[in-house]
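# Descriptive structure summary
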Amino acid sequence: MKEAPISTPPQAYMNIISPLIDRARGFLEAGEKLQPMAFVGNLTTKEVIPVMIQTGSGEGKDQSARTIQSAALALEADFVFVIMEAWTLRPDKMRQMNAILDKYGSISASPYAIDTCSLMLETRHGVWAAQPQIKPKGISKKKRTIGVIEFRYFTEAGGRFAHLLPRKEGDEPPTILH
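Residues numbered from 1 in each chain as written. Predicted model: local features only at pLDDT ≥ 70, side-chain atom pairs only at ≥ 80, totals over all residues. Heavy atoms only, no water.

## Digging into the layout of surface pockets
So the rule is basically this: Using protein atoms alone on a 1 Å grid, points that fit a 1.4 Å probe yet trap it form a cavity, whereas open point sets bounded by protein on both sides within 12 Å along at least five of seven lines form a pocket; residues with an atom within 4 Å of a point count as lining. Grid points are joined across faces, edges and corners, and a volume is the space filled by probe spheres set on the points. Secondary structure is summarised from DSSP: a helix means a run of H or I of at least four residues, a strand means a run of E of at least two, and numbering begins at the N terminus for each. Three categories are distinguished: nonpolar for Ala, Val, Leu, Ile, Met, Phe, Trp, Tyr, Cys and Pro, charged for Asp, Glu, Lys and Arg, and polar for the others, with Gly belonging to the last.
Approximately 1400 Å³ is the volume attributed to the largest pocket. Among the secondary structure elements, those contributing two or more residues to the lining of the largest pocket are β4 (79-89), β5 (113-123), β6 (126-130) and β9 (152-156). The dominant element in the lining of the largest pocket, judged by the number of residues it contributes, is β4, at 7 residues. The residue makeup of the lining of the largest pocket, split by class, is 20 nonpolar, 8 polar and 9 charged.

Right, dumping it as structure tokens:
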């Protein structure tokens, strides 16, 4: 992904995804794990379809991506918003990522992993992503929370859960709209 500076998605999307982010925060603060979910939506009809993402295997992930694409096609979706727990490396260890992967096999198995909440909004205008750290809430061992969400705008995205929206006639390459 090519990264751009911090950029809040357009308000029409924020009106829909902000309550979803608040619900995810609420689950964490209640001591629950986040179920990986995609929310497929149409801005005109205001219809949003939740799709559970299966993360246990490559085939489960592939099937989830196909289900999201089918929902997006049926809904004539304008956006797909994905929320899931993820791991990332501590910022001071990013340059050593390949060595860490070679030694531990995965980021999550390394002692440098940080729990994060992965938030990705795919629109016809590009992709906004945020990965706030999940931190303990107070002194609780179970309750966790996420802080301020800072989205970054990306002109390019790749992977299984990218390019989930159907192409529409007249679609232009992504540009930021505000």
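## Looking at unusual backbone geometry
Which entries qualify depends on this criterion: Exposure categories follow from relative accessible area, calculated using a 1.4 Å probe and restricted to protein chains: below 20% of the type maximum is buried, above 50% is exposed, and the middle band is partly exposed.
One non-glycine residue, Lys46, adopts positive backbone phi at about 65°. With respect to the helices and strands, Lys46 occurs in the loop between β2 (37-41) and β3 (48-52). A residue is classified by how much of its surface remains accessible, and Lys46, at 60% relative accessible area, is exposed. For Glu76, which is not glycine, the phi dihedral falls at a positive 50°. Here Glu76 is to be found in the loop between α2 (58-75) and β4.

## Topic: the side chain of Glu122
Filter applied, for reference: Charge convention: Lys and Arg are scored as positive, Asp and Glu as negative, and His as well as the terminal groups of each chain are ignored. Only one rule defines a salt bridge in this text: a Lys or Arg side-chain nitrogen within 4 Å of an Asp or Glu carboxyl oxygen. Residues adjacent in sequence count toward polar contacts only when both atoms are side-chain atoms; beyond that, a polar contact is any pair of N or O atoms within 3.5 Å, and within protein one must be able to donate a hydrogen and the other to accept it. We call two residues in contact whenever any of their non-hydrogen atoms come within 4.5 Å of each other.
Mapping Glu122 onto the fold places it in strand β5. Buried and unpaired, Glu122 has Arg124 as its nearest opposite-charge partner, separated by 7.0 Å. At a separation of 3.0 Å, a polar atom in the side chain of Glu122 contacts the main-chain amide nitrogen of Leu164. Other than its neighbours up to four places away in sequence, Glu122 contacts Asp78, Phe79, Val80, Val127, Phe161, Ala162, His163, Leu164 and Leu165.

## Thoughts on the nonpolar core
Nonpolar side chains in soluble globular proteins tend to end up buried together. Going by this rule: Nonpolar cores were defined as sets of buried Ala, Val, Leu, Ile, Met, Phe, Trp, Tyr and Cys residues, with membership established by side-chain atoms within 4.5 Å.
Of all hydrophobic cores here, the largest spans 23 residues; its most connected members are Phe81, Ile83, Leu119 and Phe151. Only α1 (11-29), β2, β4, β5 and β6 provide two or more residues apiece to this core. Setting aside chain neighbours within four positions, we find Leu119 in contact with Ile21, Phe81, Val82, Ile83, Trp128, Ala129, Ala130, Pro132, Ile149 and Phe151. Counting 16 residues, the second-largest nonpolar core is a separate cluster that includes Ile68, Ala71, Ala77 and Leu164.

## A word on the side chain of Asn42
Relative to the assigned elements, Asn42 resides in the loop between β2 and β3. Within the local environment of Asn42, its side chain forms a polar contact with the backbone oxygen of Leu75, the two atoms lying 3.0 Å apart. Excluding anything up to four places from it in sequence, Asn42 contacts Glu47, Leu75, Glu76, Asp78 and Phe79.

## A look at the confidence of the model for the protein chain
Going by this rule: The quantity known as pLDDT measures the predictor's confidence residue by residue, on a range of 0 to 100.
On average, residues of the protein chain carry a pLDDT of 87, and 90% of them reach 70 or more. The least confident element of the protein chain is strand β1 (residues 2-6), whose mean pLDDT is 58; the most confident is β2, at 96.

## Things to note about the pairing of β5
Inclusion rule: Only when DSSP finds a minimum of two bridges between them are two strands counted as paired.
Most of β5 is tucked away, with 8 of its 11 residues classed as buried. Here β4 runs beside β5; their pairing, made up of 11 bridges, is antiparallel. Bridging across to β5, Leu89 finds its partner in Ala113. Strand direction decides the pairing type here: β5 and β6, joined by 5 bridges, are antiparallel. Bridge pairing in β6 places Met120 opposite Ala129. Taking the residues that link successive antiparallel strands as the turn, the β5-β6 hairpin has 2 residues.

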